[in-house]
Amino acid sequence: MTLYVRRKSFFNHCLKISKKNEVHEGGRWLQMCRSKTSAPKNFCDYESMRRTYNIRVPQRFNFAKDVLEQWETKEKKGQRSSLPALWWVNDSGEEVRWSFEELGFHSRRLANVLHQECSLERGDRVFLILPRVPEWWLVNVACLRTGTVLIPGTSQLTARDICHRLQASGAKCVITDETLAPLLDTVASDCPSISTKLLLSHRAMHGWGNLSELMGKVSDDHVCMDTRSDEAMTIFFTSGTTGSPKMTQHSHCSYGLGLTVNGRFMFKALEHCLCAGEPINPEVMWKWKELTGLDIYEGYGQTETVLIAGTFKGMKIKPGSFGKASPGYDVQVVDEDGSVLPRGQEGDLGIRVKPDRPFSLFTEYTGEPERTAECFRGDFYLTGDRGMMDDEGYLWFIGRADDVILSAGYRIGPFEVENALIEHSAVAESAVVSSPDPVRGEVVKAFVVLTADYKSRDHKELIQELQTHVKTVTAPYKYPRKIEFVDHLPKTVSGKIRRVELRKKEWGQQTSKQIWK
Ligand SMILES: Nc1ncnc2c1ncn2[C@@H]1O[C@H](COP(=O)(O)OP(=O)(O)OP(=O)(O)O)[C@@H](O)[C@H]1O
């Protein structure tokens, strides 16, 4: 479970602080919403939020020029409040607070470093691997300004992960700090595309340009690139939950404008909690509410998209459902032919792309046209997840398509079994996957991490107790016929459970399941 920690929050923040629903584009104001006042005061009603959301995508768009520079101008003219553009605080209480003017000043210098000192051209790729220090945001803006394509990576990546990302992306420039620079140096010789290495550090390091020093050399005059809306802005590597991470390319409009959904229809204060990235067990929601008095609002999205669906302000929360489709997306449950299924039936979760492809959908998996094409069926982009829509239009997550278990003719979503298991006080967390069975083909197997109080209990007894428990809280055929206790579950760097790893462990070399997976 992730409590609202999103790499895209910079864009959300800057768009959120706009009081009007407008984005300035080369002197013209773009109406973000069709509402009479142009500034919907209160989106407490989901239906009115969907009705009023209407973004017209301009031909050219650049977040740095069309949003940040406009705020800078307003700030200089005293036409906006003194809210900072960026306010950063670390664990030791150190703070950095930049106005839009300061953000503009530093980012223009950094843009000049990228262009003049590093000879990077529009379209060149920049791999950024830094913890969330202010410079992380500066590089974001400098890349927007220069039209270079930002590829962010978490600082928890291993040398192998970094090597894969650099080779796959062909990045020309890497930017990191002194903790990670030695790791990058170990793989640099295998990554011939790198022409520049920039270091954020007070110290010098052989082979690395010092970012702060270079910024001191260049001017703060920079004309922002007039990028096309559909031009590449960033490439995210997916989490790698199901296989090796895919390069997911977003354009200046799909992110720069698309993320208005996330920014505008969320809550402004920390007293509201949002969870995204993995399904959240209803039990966790109840517990959270009991301990904090707060509800958790769920958001469902992918690297390929912005927020696809969510429990928006004013909507009742149905624990176990991730809410309704976001404005801007028509989300449906479709069958194998791409036809929309009736409500209540399980199928593939898809986003309608015909006749109009939502502008906030990714462009492609870079360099993988076939893989990109595989995501589309009929009029829909397929998310790769299985789900269901209820009578009220709420969407329910069943599992990733690859994770669904077929046992003796039944289709079983792992999430429901995991939800049942976590209700038992012995279970700290669990992951449910398929396991081979000579009679049923495959059966449900649960890998369970026990809570401290249960660690020394007799395992045989505990297995029976957990099986009986699942049979009583959900349909009996879903109970895990096999249970294995483990110390921890395999996870991605962002904390998502890698069921694929457990499944591989179960199926070993048995090819039939491997092919299906
Ligand atoms: N609220 C949610 N409930 C259930 N699942 C969610 C939710 N939010 C996100 N997800 C899951 O996360 C996926 C998107 O995650 P991401 O784009 O990071 O890539 P990944 O699918 O985890 O990794 P990879 O594509 O590399 O295997 C969704 O397709 C869905 O399976």
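Our structure is the block above this text.
Residues numbered from 1 in each chain as written. Predicted model: local features only at pLDDT ≥ 70, side-chain atom pairs only at ≥ 80, totals over all residues. Heavy atoms only, no water.

**Q** It is not clear to me how the overall build of the protein should be interpreted in this structure. Could you clarify?
**A** Helix and strand counts for the protein come out as 16 helices and 27 strands. The proportion of buried residues among the 517 residues of the protein is 55%. (Helix = DSSP H or I, 4+ residues; strand = E, 2+ residues; numbered from the N terminus. Buried < 20%, exposed > 50% of the residue type's maximum accessible area, 1.4 Å probe, protein only.)

**Q** Explanation requested: the environment of Trp71 in the structure shown.
**A** Considering the arrangement of structural elements, one finds Trp71 in helix H3 (residues 63-76). Between the C-alpha atoms of Trp71 and Ala85, which are 14 residues apart in sequence, the distance is 8.8 Å.

**Q** Before we go on, may I ask you to explain the site of the ligand in this structure?
**A** Near the ligand lie 20 residues; those nearest to it are Thr238, Ser239, Thr241, Thr242 and Thr303. One of the side-chain N or O atoms of Thr303 is found 2.5 Å from an oxygen atom in the ligand. Taking 640 Å² as the accessible area of the ligand by itself, protein coverage stands at 95%. Looking at the shell around the ligand, the elements with two or more residues in it are strand E14 (296-301) and strand E22 (395-400). A total of 4 residues in the shell around the ligand trace back to one element, the largest contributor, which is E14. (Near = heavy atom within 4 Å. Polar contact = N/O pair within 3.5 Å; in protein donor to acceptor, adjacent residues only side chain to side chain. Areas by Shrake-Rupley, 256 points an atom, 1.4 Å probe, with all protein chains shown as cover.)

**Q** What is the right way to read the environment of Leu150 from this model?
**A** When you line up the elements, Leu150 lands in strand E7 (residues 149-152). With a relative accessible area of 6%, Leu150 lands in the buried category. It is 9.2 Å that separates the C-alpha atoms of Leu150 and Ala171, two residues lying 21 residues apart in sequence. Beyond its immediate stretch of four places on either side in the chain, Leu150 contacts Val126, Leu128, Val139, Asn140, Cys143, Met233, Thr234 and Ile235. (Contact = heavy atoms within 4.5 Å.)

**Q** Even after reading the chapter, I still don't get the sheet that holds strand E27 (residues 482-485), so can you show me in this structure?
**A** Paired through backbone hydrogen bonds, the strands of a sheet run either parallel or antiparallel to each other. Sheet architecture is open: 3 strands sit in the order E25-E26-E27, paired in mixed fashion. Edge strands, defined here as strands with exactly one partner in the open sheet, are strand E25 (427-437) and E27. In this sheet, neighbouring strand axes are inclined to one another by 25° on average, regardless of whether the strands run parallel or antiparallel. The sheet contact formed by strand E26 (residues 441-450) and E27 spans 4 bridges and is parallel. The residue bridging Ala446 from the neighbouring strand is Ile483, located in E27. Seen against the sheet, helix H13 (residues 414-422) touches E25 and E26 and runs at an angle of roughly 140° to E25. Contacts from helix H14 (residues 459-473) reach E25, E26 and E27, with the element oriented near 130° to E27. (Pairing = 2+ DSSP bridges. Axes fitted to C-alpha atoms, helices over the stretch in contact; angles between N-to-C directions.)

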